[in-house]
Amino acid sequence: MTHIIKACIFDLDGVIVDTAKYHFLAWRRLADELGFSFTEQDNERLKGVSRVRSLEILLEIGDLTLSPEEQEAAAARKNRWYVEYIDQMDRSEILPGAEEFLNELNDHGIPFALGSASKNAPRILRRIGLENAFAAVIDGTKVSKAKPDPEVFLLGAAEMGIPAENCAVFEDAEAGVEAGLRAGMYTVGVGEPEVLGKAHRVIPGLAAVTWEDLVQKAQQ
Ligand code: B16
Ligand code: MG
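For clarity, every value in this text was computed on a predicted model and none was experimentally measured.

A. Representation of the packing of aromatic side chains in the model. Using the criterion set out here, one finds seven aromatic pairs in the structure. Considering the side-chain rings of Phe101 and Phe170, the 5.6 Å spacing of their centres and the 70° angle between planes classify their relative orientation as edge-to-face. Taken together, the residues Phe101 in helix α5 (residues 98-107) and Phe170 in strand β4 (residues 167-171) connect sequence positions 69 residues apart. A single burial state applies to Phe101 and to Phe170, both of which are buried. Its guanidinium or amino end placed over the ring of Tyr82, Lys78 lies 4.5 Å from that ring's centre, counting from NZ or CZ.

B. Inspection of the coordination of the magnesium ion (ligand 2) at higher detail. Around the magnesium ion (ligand 2), the donor atoms from the protein are Asp11 (OD), Asp13 (O) and Asp172 (OD), and they sit 2.0 to 2.1 Å away. Along the chain, the residues donating to the magnesium ion (ligand 2) are arranged with the sequence spacing D-x1-D-x158-D. Of this pair, Asp13 sits in the loop between β1 (7-10) and α1 (20-34) while Asp172 sits in the loop between β4 and α8 (174-182), placing them 159 residues apart in sequence. In terms of burial, Asp13 and Asp172 fall into one category: buried.

Rules behind the numbers
- Residues numbered from 1 in each chain as written.
- Chains lettered and ligands numbered in written order.
- Predicted model: local features only at pLDDT ≥ 70, side-chain atom pairs only at ≥ 80, totals over all residues.
- Heavy atoms only, no water.
- Phe/Tyr/Trp six-rings, centres within 6.5 Å; stacked < 30°, edge-to-face > 60°.
- Helix = DSSP H or I, 4+ residues; strand = E, 2+ residues; numbered from the N terminus.
- Buried < 20%, exposed > 50% of the residue type's maximum accessible area, 1.4 Å probe, protein only.
- Lys NZ or Arg CZ within 6 Å of the ring centre and 35° of its normal.
- Donors = N, O, S within 2.8 Å, 3.2 Å for Na, K, Ca; no water.

These results come straight from atomic positions and should not be treated as a statement about function.
If you want it as structure tokens, here you go:
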């Protein structure tokens, strides 16, 4: 199916910034505290996944069971450490090509939204100076169903007033690509084709895309 693109929706972690490295440091610190090791390879399983689900996966890796109260406290502790890292971020952490592509969309009058699982998304946008850049910011506090459910992207499209089929989604996580496809949107995977192969198109990063080229490929 061809898509006429009238708006874009961007995931945050892995597309606009690389906060996965800070999530990793904070989760590893929690694992250390709980007495097991957590590797960068393990961290791959947490990309695009909600905080609560991330903790469940971490506990599976450590073969550990915590009470609901202990889980809540552990997730809060992890988040405090994570926030300490993101509070050190600045514009220099915007991934290559991201700002240029957003500027290009602005030049063409194309609205764009953020569709992220992170409850810290507004804080990160402030740190990198993009708090006023998006027409809509849909973050982990606004959705009731996590990716691969399409809710986050459908809310973004609705807030912009653009039909889903006219939106292009940029996503680095497999569950996010599935969410984009389930939303009926043109879906661009950002990362490895081996992982994101179901997307309509896969690019290594936003530096590899221009507005013209997006429009053209989406119509093929
Ligand atoms: P928080 P995205 C996701 O961001 C991260 O990829 C994932 O690792 C994290 O667990 C999730 O946000 C929730 O983040 O703990 O800050 O609410 O890729 O959807 O922008
Ligand atoms: Mg992501």
